[in-house]
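The lines below spell out each chain.
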Amino acid sequence: MATAGVKQFKNFIGGEWVDAVSGQTFESVVPATGDVLGTFPRSGAEDVDRAVAAAKQAFADWRLVPAPERGTILLRFAQLLERDKQQLTDLMSHEMGKVLAEAGGDVQEAIDMAIYMAGEGRRMFGQTTPSELRDKFQMSVRLPVGVVGAITPWNFPIAIPAWKLTPALICGNTVVLKPAEDTPLLAERFVELLSEAGIPVGVVNIVHGFGEEAGDRLVRHPDVPVITFTGSRETGILVTKAAADNLKHVHLELGGKNGIIVMEDADLDLAAEGIAWSAFGTSGQRCTAASRVIVHEKVYDELAKRLVARAEAMRIGPGWEPDTDLGPVINRAAIEKIDAYSRIGEAEGAQLLTGGEAATDGDLAKGHYYRPTIFGRVDPEMRIAQEEIFGPTTALIPIADFDEAINVANGIRYGLSSAIFTRDVNRAFRAMRDLQTGITYINAGTTGAEVHLPFGGTKDTGNGHREAGNAALDVFTEWKSIYVDYSGKLQRAQIDNQ
Ligand code: UN1
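What you see is a predicted model; the values in this text were computed from it and never measured.

**Thoughts on the packing of aromatic side chains**
Then step 1. Using the criterion set out here, one finds seven aromatic pairs in the structure.
Then step 2. Geometrically, the ring pair formed by Phe 9 and Phe 40 is stacked, given 4.9 Å between the ring centres and 10° between the ring planes. Here the residue Phe 9 occupies a position in the segment before β1 (11–13), and Phe 40 occupies one in strand β4 (residues 36–41), the gap between them amounting to 31 residues.
Then step 3. Judged by its relative accessible area of 6%, Phe 9 falls in the buried class.
Then step 4. On the basis of relative accessible area, Phe 40 is assigned to the buried category, the value being 0%.

Dropping the structure here:
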C-alpha cells in the first residue's frame, strides 16, 4: 500500500537498511493534518528473527568493549541529538503532535539521559566487602544480560527510546527496538544518530511494525532475555504472560491516574498553573499527566473557576505553530476513547465544566483535536476518576480534609506520580511518605521527572522496576558476586575453621 511520492523507510538490521520480508508497509500520519510522512516496513516474525540474530552476534564483542568506551559513543550520540535538536523538535511536532516547547523538552530529555548514561560507563559501581576469611577478596560486578527487546510508545518518541536504549547499551547489551507504529520516523532518526555516533553493526537494530506482529515475536523470542516495555496496563499483562515461558526479565512502565491534592492553604495561582500544565500539557498524553485534582472544599469553587478559565484560553492548533498551547491527540482512536470518557462522565453524573468534545473548527477538522476538558464534583469511584483516559481530561474531586485527600489519592490501581499543593510542611512530609506512588511532587504538578532519579510507579503502574537514574541499570544487568582466595589453601566459608 505504498503511496506514490511518499518516502519509503526501512528496518535497520545488522547495519543494513532493509524492507520487511513480506514487503508490506504501513504509513506514518501527521495527527494535525492527516498528511503522510512516509511508509515503514510492516514487520513480522521473520524480520524480528533476523534482527535478534544480528543483535545476538553483535553481543559477543559489544559486551567486551570497555564501558567507558561505550560511554564515549553515547556522549557522541548526545552531541548529535543536540546538533539535530531543532530538526527533531520540528519533526516531533508533526509526527507526534506535541507543541514545540514540549517537543524540544522531549529531545532534551534524551540528550540528558545519554549524557547521564555515558557517565555510568565510568561508574557502574559494584560493591567490595570484607571476607569472613583471611586472604580472601570479594566483590560484585554488573554484567550485561544479552539482547534487549525494547518496545517504546509514541508519546515520548525520542526520550523513551533513550531511557531504554542508553542504559541497555552502556551495560553492554545489544538491542532490538520495536517503536510505536504512530511515530516510526522519529525512531528511525534516533537509530540513525546512534549509528552515526559509532554504535557497531548489529548492536542496535530497529524493526518497525505492530505490537501483535513484530512486538509479539520480540517478546516471545527465546534469544531475547530482557524486555522493556512502556504502554498500557493491559498490554503490559500480555507482555508479561508472553515472556513467562522463557522466564525473561520484564521491565514494565504502564499507566497512571495521577492526582494533585490542593489543600485549603495552597497558593492557588501556583496550583492552577501546575494543574493546567500537568493536565493539558502534551494534550494529557503523558503517563504522568494529572487526570485527577483532589481539592479541599474551601477552595474548590475558586480553583475550578481558575482552571476553567485557563482551559478555555488555550489555543488549539498544530504543534509546530509557535502560539499553539494544545496540539492534537495521536489518532482517531484516541479521539474516540477520550470522547467516550466524556460521555461516561456525564452519564455517571459528574458536572462537565468545560470541553467534552472534539475541536473541529476550520482547519482543525483535518486533525485529531480535543478540547481541554474538566469534570467537576467527581466522585472518586467514578470511572473517569479511576481509568486512564490519556487525553486532555481532568476530574475535580472535592475533599474535606487531609486524610480524605490521601485516601482518595491512593484509591486507584495505579501508582506513578502524585502531587500536593500546601504551605504546611508537616502535611507535605506526610504526603511524601503516604502517597503510594513512585514519584511525589510538593508544590508542583505531576509531570517533569528528571533523568537522574528513578522513574516508575507502584501497584499496577509497573512490576517493581524503575527506569532512569542508576536504578535503570538493574533492568539491564545481572549481578555477579566474585570471590578471590589468595591464601593458597582451601578455606571453607560458613563453617567453623578451628
Ligand atoms: C511518560 O509520559 O511516559 O515526567 C513519560 C514527565 C516526563 C516523562 C513522562 N519527564 O512527565
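**Describing the site of the ligand**
Then step 1. Around the ligand lies a shell formed by Glu 109, Asn 155, Phe 156, Ile 160, Trp 163, Arg 286, Cys 287, Thr 288, Thr 447, Gly 448, Ala 449 and Phe 455.
Then step 2. Note that a nitrogen atom of the ligand is positioned 2.9 Å from one of the side-chain N or O atoms of Glu 109.
Then step 3. At 2.7 Å from an oxygen atom of the ligand is found a side-chain nitrogen or oxygen belonging to Thr 288.
Then step 4. In isolation the ligand offers 320 Å² of accessible surface; the protein chains occlude 99% of this area.
Then step 5. A molecule is said to occupy a pocket when more than half its atoms come within 2 Å of that pocket's grid points, and by this definition the ligand occupies the second largest pocket.
Then step 6. Taken together, the residues of the shell around the ligand break down into six nonpolar, four polar and two charged.

**Examining the sheet that holds strand β16 (residues 393–399)**
Then step 1. With mixed pairing, seven strands are arranged side by side in an open sheet as β14-β15-β16-β13-β12-β18-β19. Across the chains shown, the open sheet's two edge strands, defined by having one partner strand only, are β14 (351–354) and β19 (439–442). Taken over all neighbouring pairs, the strand axes of this sheet differ in orientation by 20° on average, direction set aside.
Then step 2. Where strand β12 (residues 258–262) meets strand β13 (residues 290–296), five bridges bridge the pair, whose relative direction is parallel. Across the sheet, the residue bridging to Ile 260 is Val 293, located in β13.
Then step 3. Along the sheet, helix α9 (residues 268–280) makes contact with β12, β13, β15 (373–376), β16 and β18 (417–421), crossing β12 at roughly 170°.

**Topic: the nonpolar core**
A general tendency of soluble globular proteins is for nonpolar side chains to be buried together.
Then step 1. Membership of the largest hydrophobic core comes to 127 residues, with the highest contact counts inside it found for Leu 165, Leu 169, Leu 194, Ile 261, Val 262, Leu 303 and Val 378.
Then step 2. With nine residues, the top contributor of residues to this core is helix α4 (residues 100–120).
Then step 3. Two domains each provide a minimum of three residues to this core, namely domain 1 (11–254 + 462–481) and domain 2 (258–442).
Then step 4. Filtering out sequence-adjacent residues up to four positions away, Leu 303 remains in contact with Val 262, Leu 268, Ala 271, Ala 272, Ile 275, Val 293 and Val 295.
Then step 5. Membership of the second largest hydrophobic core comes to 22 residues, among which are Val 224, Ile 227, Ala 243 and Leu 252.

Rules behind the numbers
- Residues numbered from 1 in each chain as written.
- Predicted model: local features only at pLDDT ≥ 70, side-chain atom pairs only at ≥ 80, totals over all residues.
- Heavy atoms only, no water.
- Phe/Tyr/Trp six-rings, centres within 6.5 Å; stacked < 30°, edge-to-face > 60°.
- Helix = DSSP H or I, 4+ residues; strand = E, 2+ residues; numbered from the N terminus.
- Buried < 20%, exposed > 50% of the residue type's maximum accessible area, 1.4 Å probe, protein only.
- Near = heavy atom within 4 Å.
- Polar contact = N/O pair within 3.5 Å; in protein donor to acceptor, adjacent residues only side chain to side chain.
- Areas by Shrake-Rupley, 256 points an atom, 1.4 Å probe, with all protein chains shown as cover.
- 1 Å grid on protein atoms, 1.4 Å probe; cavity = no way out; pocket = protein on both sides within 12 Å on 5 of 7 lines; lining within 4 Å.
- Sits in = over half its atoms within 2 Å of the grid points.
- Nonpolar A, V, L, I, M, F, W, Y, C, P; charged D, E, K, R; others polar.
- Pairing = 2+ DSSP bridges.
- Axes fitted to C-alpha atoms, helices over the stretch in contact; angles between N-to-C directions.
- Contact = heavy atoms within 4.5 Å.
- Core = buried A, V, L, I, M, F, W, Y, C linked by side-chain atoms within 4.5 Å.
- Domains from an automatic or database assignment.

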